Structures are given as C-alpha cells and as structure tokens.
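# Fold and geometry: a report
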Amino acid sequence: MKVINILSEDVQNKIAAGEVIERPASVVKELVENAIDAGSTSIIVVAENGGKDLIRVLDNGTGMSSDDALLAFERHATSKIKTVEDIVHIGSLGFRGEALSSIASVSNLSLVTRSMEDAMATVVEFNNGKLTNVSKTSANTGTTITVRGLFKSLPARRKFLRTANVEIRHILKYIHYQAVLYPAISFKLVIDNREKLNYIGTEDRSQRMSEVFGSAFFSDDIISVSGSNGGYAISGYIFGLEDRRDKLIDAQYAFINGRFINDKTVKHSIKAAYEPFIMKTRTWQKGSTPPYILFLSVPAEQIDINVHPTKEEVRFREGNMVHGLIFETITRALRKYEEDKFASAKLKFQAFSPPQPATSLERDIFVKNVEVPRYSEYKKEYANLYQDDLFRGEPTRKEQNIPIYNPDKADEEAPEIFTDQPNDQLPYNLLLKNEEDYINPWQLHNTYIFIQVEDGLVIIDQHAAHERILYEKLIHRTSGTPATRQKLIIPLVVDIPPYIAAETSELIDANMELLEKIGFVLKKFSGDSLVIEEIPAELGDFQGGQVFIEILKTLEQELEVNADFRDSLAKSIACKAAIKANHKLSRKEMLSLINDLFACHVPYFCPHGRPLIIKMPLIDFEKKFKRVL
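No experiment lies behind these values; they were computed from the predicted model shown. (Residues numbered from 1 in each chain as written. Predicted model: local features only at pLDDT ≥ 70, side-chain atom pairs only at ≥ 80, totals over all residues. Heavy atoms only, no water.)

## Observations regarding the overall build of the chain
Check the secondary structure of the chain and you find 18 helices and 22 strands. Taking all 629 residues of the chain together, the buried fraction comes to 48%. A separation threshold of at least 6 residues defines the contact pool for the chain, and within that pool the share at least 24 residues apart is 69%. Taken as a whole, the chain presents about 32400 Å² of accessible surface, with 52% of it coming from carbon and sulfur. (Helix = DSSP H or I, 4+ residues; strand = E, 2+ residues; numbered from the N terminus. Buried < 20%, exposed > 50% of the residue type's maximum accessible area, 1.4 Å probe, protein only. Contact = heavy atoms within 4.5 Å. Areas by Shrake-Rupley, 256 points an atom, 1.4 Å probe, with all protein chains shown as cover.)

Structural data, given as structure tokens:
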C-alpha cells in the first residue's frame, strides 16, 4: 500500500504560509520589505478590521515587467539571489521567494505593477492560490498589492487571530521599526479610512526619531553609544539610570544589518552590561532592562539570517565577538555616565544653594563612591555573624486565615471590579484598630516600611501600598464618587508622540467622560495635541504634562492584557501617581499610608496582584537567635 505521497502545490503553499504568515502584520512585513528592496521612497499601508479584511501596500519602487509579475508567485522565485554563494552575502530584506505565493494561497490577492520600461501596468489576481486574472491597466511606476479576506479559506487559522485593535498594534510596531531604520523613506499608515501615521522622508535619522518618539526624546536621560571592532560596529542610544517614570519603556529596538532582530545573544549582552550598574544604584525593577535603540553592523559572511522563515532570528558565526562588542560599548558608556553623575552630585552637595537639588540617582552614586570599609576588610573570624539564610528556614506557624477583603469593609457595597482579585492563602493578622498599635515605624532604604506589631514584624512596600490606595480611590470615582482635582494656573498643551497617539487617540476620544470622572479635564486641540485644564489631585508634580504621556504609555501596556479601559486607566494613573522607591517619608506620612491601606477593600495586594505586605512572627526571630528550639 502506498504510504508516501507527494503534496500538491496548493498544500505546499499553505504549509509555507503557516511558516511565513502568522497574522496581518506578517503580510505587511513581507510586502513592505519587498517595497524597500525595490528602492521605494514612499510606502503607503492601508488596513481594515485589523488587516483581517483588507491589507493594501502601495510603493513607488522599480515595479515589475509582466513576465516577472507572474514569476513572482512561483515558489522560491526571487530576484535577490542566484547562486549558493549569494546566500552568504545577502544585502536585501527578502530573498526566500515564498512570501507572495504563501500570501496568495490564503487570501484573495491582487497585484498591479509597472516598471519604468513598460507603457502599461500588469494586473495579476489570485483567489486562495488559484490564478484568476492577468490583464493590463494604467498605473504609475511601482507596485500595489491588495490582500482581502486573510485566512477566510482556513477558518481554523483565522479564529486564532486576535481582535482588530491587537492586530493593529502589531502593524503599528512594525511600521515604527521600519520608520526608525529607514528615515529616507516616507511611511504612511491608514487604518479604517483614518490616517494613523505619516512620516515624511528625511536624511536625518535624529529627526525621524523625534517624530516617532516625540520632540523631547533627545532631552531625555539618554546616552549615545558607538563602538567598533574589526568589521563589527555598533551605534545608537541607551537610557540612563534615572527614575523610570520618564522613560520610553517599550522602546527596546535592536537592528542588525538593516533588520529588526529579536536575538538572545544581543539581549543577554545588553542586560549583562546594565546589571552591575542597576544592582549598585537600586534603579529599575529587578530583572528588567532599560530601553535601548541600537544599530549593529556585522560582516555579511559572519551572520546567517536564513535560520527562520520570518528572518527575525539570526545565527552569528562569532557570537562571542558580537556579545563582547555590545557589552564593552555599553559598559564604557554607563561608566562615563556614572562618572558624570558623580561629578554633578559633588558640585551640588558642595554648592551653598545649587540651582537644582541632587536627584535620587546622583545621591546613590555619590554615596556608593565614598570610601567606606568593606566587609572583606574585617577579620575573618567575624564572618560567622553573617547568615545568608536569615529570612529563610522553617515555614511560619499557621494562624487563622483571614479573607482577602478587609473584614471592616465586608458590609459595604464595593465596585464589582474588586471581585476579580487573587485569593490569598497566607496567614495575616494585621488589621490593627488603633494608631498606637503601630510601634516605631521606620523605612528601609526609603522603600520599605517596617512596623513592630504585638507578635512580630510587618514589612510594607510603600509604592505598592500607595498604588493600591490610589487605585481603589480612582475606581470609586468611576462609580460616582466626586473627584478631587487641581486646576492648572495655565492650561497645558501636550503633544502626544505619534507612536503613542496612533494607539490611544481614539480611546481618549471615546472615554472623555470617564477621564473627567477620574479627575482630568481635557480638550482636543489639533492633531495629536490635547489641552489639559485640570488633573487629579493625587498626581502632584505633573512635570509639564509628561506624566500624562507616561500614563498613556502604561495604559497601552495594560490594555494588552486587560480590555477593561476603566480598570486599565485606574491602574495606569495609580502607578504613576504613587510614591516611588527611594522616597523618604515622615512618621506621620507612614502612619497615614498604613491607615489608608487598611481602609481599602483589598489591602494585601497591589492592583496587579503582587503582595505588598510581609509578616515575620516574633517566634522566627527567636529561633534564629537560638532563644527557642
């Protein structure tokens, strides 16, 4: 019996499509990269319903002749390589020759193209892999490809596509990558008949980056880096170690030889370079890496970009060389950055009335660089005083479990949003009734509040606790509780950077009433600009409107995992308005924070579900000091 079959061309194309075409953004990627390879100076991308119903890419590149237009849909047909040797020296973005045939096999595709030598344009149409029309028409030089009904013939694949908003975010991110990488090309993106992005071509990359990330990009805490070793080179920007609230949190771009690459070697080298500086100054969240935008150049024969059909993964022949160059370049830049911060802090501390106070980072760097005795300099016989397992050991004794909700608030009507919270199985007994019960509160590293209670020690993360307090206040406001606002003396005009406005402008327009309930009074100004007249009182220092932009950045991330705009907005504002780590609190402020926390419906977790309280029973200390066995 015959077991092995030769797959039909249609099945082969659909299998290839499964490797190359993951979602609408994959189609945009393949078509835009072909347009770039064709020497286009203007590329327009049009999408409807997140690209699921329509994707159209128009370019003014070299176009194709009628013969080439038909050959382009054959599998492994490409103009980018001819011999095996060409694979080692690939200088184009596309070269596998699978994109057009794969896209045509899972959609209704129409191609209109004309080269400079032809008087008429060629039209080629496919319906789910079957050629349906070849004709002539009039058109400008270049190529227009229209893709309709992506995966409609494969419902099992189509159902895995996300909502239109999520698919649009992927397209937006890809266009941002290419816009930064190719500033000389004009990029326009039109979504559901509305222009989302319009970047005019420029020879100045810094101008394009200001357009994408906002005019304040180069005044942020960024560091220019550059380095080279043999035929390898790196340039670009990394972010410094100042407080992260003013950072472009999502901007982690690495480009290699003109491609956006998601590579483990590159990521590890960047993280390894940052790690000692982050640990030393206690900045950024543990495990996270600050933003970076890096451009790497690697000799073509030293990199294999044919590892994966989508070409997002690469393999280096000299991985250690790449890792070392990135690590050394970033380390050198951060060391110089640290020295500059130390010098700045020294001048500020020596000045009788400095124009600006030292930042928390400058204070940390200054203190860390002052000579103090090191532990290793003490006699070794004292080493047994150190116990690396001080906070480990036997589990804490079981106490009566209390519910996640504050029992004092159990009878009050809570917004329905509080019903979807993590369940706590840890034994807490912390609801103290009187302020006198909180004995000697003090701060550890101006970040954690330590409180002596009757049967042990309680530790509270001050940022997470304040975030929970503000979050519940904001949620209550959306349910009708009056907002406490502060009116700005002079209304602020805030220009929202295009890469943020493209995803949030419609959400702002649709939720003006909700924003006003929370405490913002906004008006549309022009384009992507807003006039802010009033803000929630909790925001304090509004930093000239920068905080509002930071809220929008956080909101974009929240909406990735939570479609509830009200909940995501409350979390975003609470995160930005909450007191930060390294913020010194007075005893009165600590007591106020504790009392407000235990007035919450959910006092044990931050809005994202992370615990904000740790309790250490006195018996654990007594066991460590061998008072009890």
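Still to come is the rest of the account.
## Describing the sheet that holds strand 21 (residues 529-536)
Within the open sheet, the three strands sit side by side as 19-21-20. Their pairing is antiparallel. Looking at which strands have only one partner, the edges of the open sheet turn out to be strand 19 (485-495) and strand 20 (521-524). On average, each strand axis in the sheet is inclined to that of its neighbour by 15°, with strand direction left out of account. (Pairing = 2+ DSSP bridges. Axes fitted to C-alpha atoms, helices over the stretch in contact; angles between N-to-C directions.)

## As for the state of the cysteines
In total, this model carries zero disulfides according to the counting rule given. Unpaired in terms of disulfides, Cys575 finds its nearest cysteine sulfur in Cys606, a separation of 9.0 Å. For Cys606, a relative accessible area of 1% gives the class buried. (Disulfide = S-S within 2.5 Å.)

## Brief notes about helix 2 (residues 24-37)
With 14 residues, helix 2 extends 20 Å between its outermost C-alpha atoms, agreeing within 8% with the 20 Å of an ideal straight helix rising 1.5 Å per residue. Counting buried residues along helix 2, 12 of its 14 residues qualify, which places the element largely inside the surrounding structure. The complete set of buried residues in helix 2 reads Pro24, Ala25, Ser26, Val27, Val28, Lys29, Glu30, Leu31, Val32, Glu33, Ala35 and Ile36. Where helix 2 terminates, the next one or two residues include Gly39, which has phi positive at roughly 80°. (Expected span 1.5 Å × (residues − 1).)

## Overview of helix 17 (residues 587-597)
Each full turn of the α-helix corresponds to 3.6 residues, which orients residues three or four apart in the same direction. Of the residues making up helix 17, those classed as buried are Met590, Leu591, Leu593, Ile594 and Leu597. Axial view of helix 17: buried residues confined to an arc of 160°, hence all on one face. (Arc of directions from axis to C-beta.)

## Let's talk about the confidence of the model for the chain
As a note on interpretation, predicted positions should not be read in detail where pLDDT is low. Per-chain confidence: the chain averages 78 in pLDDT, with 72% of residues scoring 70 or above. Segment residues 371-403 is flagged for pLDDT under 50; beyond a separation of four residues in sequence, or across chains, it makes 29 contacts in the model. Residue range residues 419-431 is modelled with pLDDT below 50. Its contacts to residues more than four positions away, or to other chains, number 32 contacts. (pLDDT = per-residue confidence, 0-100.)

## Points about the pattern of salt bridges
Counted according to the given criterion, the structure contains 10 salt bridges. Taking the shortest distance from any N to any O, the salt bridge between Glu167 and Arg23 comes out at 2.9 Å. In this pair, Glu167 is assigned in helix 7 (residues 164-181) and Arg23 in the loop between helix 1 (9-20) and helix 2, connecting sequence segments 144 residues apart. The pair Glu167 / Arg23 is uniform in exposure class, with both members buried. Here Glu195 ties to Lys188 by a salt bridge, and the two come within 3.9 Å at their closest N and O atoms. (Salt bridge = Lys/Arg side-chain N within 4 Å of Asp/Glu carboxyl O.)

## Remarks on a nonpolar patch on the surface
Together, Leu70, Leu131 and Val134 make up an exposed nonpolar region whose accessible area comes to about 240 Å². Following the sequence through the fold, Leu70 ends up in helix 3 (residues 66-71). Here Leu70 falls in the partly exposed class, since its relative accessible area comes to 34%. (Patch = residues over 30% accessible without salt bridge, like charges linked within 9 Å, V, L, I, M, F, W, Y side chains within 5 Å.)

## Some points on the packing of aromatic side chains
On inspection of all chains with the given rule, the structure shows nine aromatic pairs. Taking the centre distance of 4.9 Å and the plane angle of 85° together, the rings of Tyr177 and Tyr253 count as edge-to-face. Of this pair, Tyr177 sits in helix 7 while Tyr253 sits in strand 11 (residues 252-256); the two residues are 76 residues apart in sequence, bridging distant segments of the chain. Residue class for Tyr177 comes out buried when judged on its relative accessible area of 15%. Judged by centre distance (6.1 Å) and plane angle (70°), the rings of Tyr253 and Phe255 are edge-to-face. No difference in accessibility class separates Tyr253 from Phe255, as the two residues are buried. Each member of the aromatic cluster is reached from another via a ring pair, and the members are Tyr177, Phe213, Tyr253, Phe255, Phe260 and Phe295. It is Arg205 that lies over the ring of Phe295; its NZ or CZ is 4.1 Å from the centre. (Phe/Tyr/Trp six-rings, centres within 6.5 Å; stacked < 30°, edge-to-face > 60°. Lys NZ or Arg CZ within 6 Å of the ring centre and 35° of its normal.)

## Details of the side chain of Arg23
A relative accessible area of 14% means that Arg23 is categorised as buried. In terms of polar contacts, Arg23 uses its side chain to reach the side chain of Glu167, at 2.9 Å. With sequence-adjacent residues up to four places away left out, Arg23 is seen in contact with Leu150, Leu161, Arg162, Val166, Glu167 and His170. (Polar contact = N/O pair within 3.5 Å; in protein donor to acceptor, adjacent residues only side chain to side chain.)

## Structural notes on the packing of helix 2 against helix 7
As a packed pair, helix 2 and helix 7 sit with axes 9 Å apart at the nearest point and diverge in direction by 25°. Between helix 2 and helix 7, the angle falls in the class roughly parallel. As for how helix 2 packs across helix 7, the hand of that crossing is right-handed. For the pair helix 2 and helix 7, the contacting residues are Pro24, Ala25, Val28, Lys29, Val32, Glu33 and Ile36 in the first and Glu167, His170, Ile171, Tyr174, Ile175 and Gln178 in the second. Of the residues belonging to the contact of helix 2 with helix 7, the class tally is eight nonpolar, two polar and three charged. (Parallel < 35°, antiparallel > 145°, perpendicular 65-115°, else oblique. Left-handed = near helix turned anticlockwise from the far one by under 90°. Nonpolar A, V, L, I, M, F, W, Y, C, P; charged D, E, K, R; others polar.)

## Description of the pairing of strand 10 (residues 232-239)
Counting buried residues along strand 10, six of its eight residues qualify, which places the element largely inside the surrounding structure. Hairpin remark: strand 9 (residues 222-229) followed by strand 10, antiparallel, with two residues in the connecting loop; positive phi at Gly230, about 65°. Pairing of strand 10 with strand 13 (residues 292-297), which is carried by six bridges, proceeds in the antiparallel orientation. If you follow Gly236 over to strand 13, its bridge partner there is Leu294.

## Notes on the nonpolar core
If you look at the biggest cluster of nonpolar residues, it comprises 122 residues, and the most contacted ones within it are Phe213 and Ile238. Here this core takes nine residues from helix 7, the largest share from any one element. Counting residues in hydrophobic clusters, the runner-up holds 21 residues, among them Ala464, Ala465, Cys600 and Leu612. (Core = buried A, V, L, I, M, F, W, Y, C linked by side-chain atoms within 4.5 Å.)

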